[in-house]
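# Commentary on secondary and tertiary structure
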Amino acid sequence: LHLTNGLIGLLSVILGFISKAIYRSYAYQNKLSDFGLSDWAPSFFYVLGFSQLMLIKKYRYPWLVILIITAASILYEFMQAGNQMLDAKDIFASALGGLSHSFC
């Protein structure tokens, strides 16, 4: 079980990095109509990945670890927005990333 958490976590973090560092610029440069995937995918994959990586260690309340990671990601979105509009897709993707841990 811990190996599975580690592999899913590592793969998700790598996908988050690829979607932010490579795919996002590619999608913007080529004006892809990807339904915002290039914007919200990193939030989803990072929350899912870090949640899974944290669950390599056994916790008494694993749901609390997931909740803290998800809340931190959503808080980051609020801080990142500053005076700009919040990106609801990123907030939704972070929440979905936290919830999807139960499907892994």
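Everything that follows concerns the structure shown earlier in this document.
Quick caveat, the model's predicted, so the values are computed rather than measured. (Residues numbered from 1 in each chain as written. Predicted model: local features only at pLDDT ≥ 70, side-chain atom pairs only at ≥ 80, totals over all residues. Heavy atoms only, no water.)

Over the atoms rolls a probe the size of a water molecule, and its path tells where empty space is left. Computed from the structure, the largest pocket encloses a volume of approximately 420 Å³. Among the elements of the structure, α1 (2-29), α2 (37-54) and α3 (62-81) are those that each provide at least two residues to the lining of the largest pocket. Here the lining of the largest pocket is built from residues that sort into nine nonpolar, four polar and six charged. (1 Å grid on protein atoms, 1.4 Å probe; cavity = no way out; pocket = protein on both sides within 12 Å on 5 of 7 lines; lining within 4 Å. Points joined across faces, edges and corners; volume = space filled by probe spheres on them. Helix = DSSP H or I, 4+ residues; strand = E, 2+ residues; numbered from the N terminus. Nonpolar A, V, L, I, M, F, W, Y, C, P; charged D, E, K, R; others polar.)

A few words on the packing of aromatic side chains. To describe a pair of aromatic rings, one takes the distance between the centres and the angle between the planes. For the structure shown, the criterion picks out three aromatic pairs. The interplanar angle of 70 degrees and the centroid separation of 5.2 Å between the aromatic rings of F44 and F45 together place this pair among those described as edge-to-face. Looking at F44, the relative accessible area reads 16%, which means it is buried. Pairing Y61 with W63 gives two aromatic rings, centres 6.1 Å apart and planes at 70 degrees, and the pair type is edge-to-face. (Phe/Tyr/Trp six-rings, centres within 6.5 Å; stacked < 30°, edge-to-face > 60°. Buried < 20%, exposed > 50% of the residue type's maximum accessible area, 1.4 Å probe, protein only.)

With 28 residues, α1 extends 39 Å from end C-alpha to end C-alpha; this agrees with the ideal 40 Å at 1.5 Å per step. Of all the bends in α1, the greatest measures close to 40 degrees and is centred on Y23. Those residues of α1 that fall on the buried side of the exposure criterion are N5, G6, G9, S12, V13, G16, S19 and A27. The inward-facing, buried residues of α1 contact α2. Two residues or fewer after α1 comes K31, characterised by a positive phi angle close to 50 degrees. (Expected span 1.5 Å × (residues − 1). Bend = angle between axes of the 7 residues up to and from the residue. Contact = heavy atoms within 4.5 Å.)

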